[in-house]
Amino acid sequence: MTISLRPIEQAQRSAFERLFQLYLHDMSQFMRWPVGANGLFAYPQDLLTPYWARDDHWPYFIYADDQIAGFSLVRVATDDDAIFDMGQFFTLRAFRGKAVGIEAFHQTVRCHPGQWQVRVLVENTPALGFWTKATAAVAHSGVTVARRDYQQHLMDYYSFSAG
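Residues numbered from 1 in each chain as written. Predicted model: local features only at pLDDT ≥ 70, side-chain atom pairs only at ≥ 80, totals over all residues. Heavy atoms only, no water.

J.: How do you make sense of the pattern of salt bridges when you look at a structure like this?
T.: It is possible for side chains bearing opposite charge to pair when their charged atoms get close. Inspection of every chain in the model, using the stated rule, returns 9 salt bridges. Note that R6 is salt-bridged to D66, the shortest N-O span being 3.4 Å. A residue pair is termed long-range when its members are at least 10 positions apart, and R6 in strand β1 (residues 3-7) and D66 in the loop between β2 (57-64) and β3 (67-77) qualify at 60 residues. Since its relative accessible area comes to 33%, R6 is described here as partly exposed. A residue is classified by how much of its surface remains accessible, and D66, at 69% relative accessible area, is exposed. Here D26 ties to R93 by a salt bridge, and the two come within 2.8 Å at their closest N and O atoms. Of this pair, D26 sits in helix α1 (residues 13-31) while R93 sits in the loop between β4 (80-91) and α3 (100-111), and the two are 67 residues apart along the sequence. Classification of D26 by relative accessible area gives buried; the value is 11%. R93 sits in the exposed class, given a relative accessible area of 55%. Residues joined in a network through salt bridges with shared partners are D26, R93 and R96. (Salt bridge = Lys/Arg side-chain N within 4 Å of Asp/Glu carboxyl O. Helix = DSSP H or I, 4+ residues; strand = E, 2+ residues; numbered from the N terminus. Buried < 20%, exposed > 50% of the residue type's maximum accessible area, 1.4 Å probe, protein only.)

Below is the structure:
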């Protein structure tokens, strides 16, 4: 299976937003987000717009061969523009446990070499395991993990240099 990253073009945004609903579904296990009367999870309208409007945000589809397998949303950190921040990262369940996410993350880091941070909800133990493994595999000189509050949620911050 060939794993690749491809920028999400503006014309693909509606396809991405449908995939983003699956991400929100998975995250609702931890965030307790309700489904609206229209059957969709609501999110702030300005959450995704910067990925197509700003030069410091980069949206990618993850492909496994020629099939969309997820997405990787990269931005600069809100508190330090010298750090890349994994905004959101998602692989469809059919591709989990097959090294698709690990390879996609490695490619993401190669596209954006430098200082990185990845934020993970402490309740999301499967994601903590994934990110511990994924960041250790790309970090040049180790990974620092610090527990901090982010938008009223307790998160582990993985900080490292890579690329």
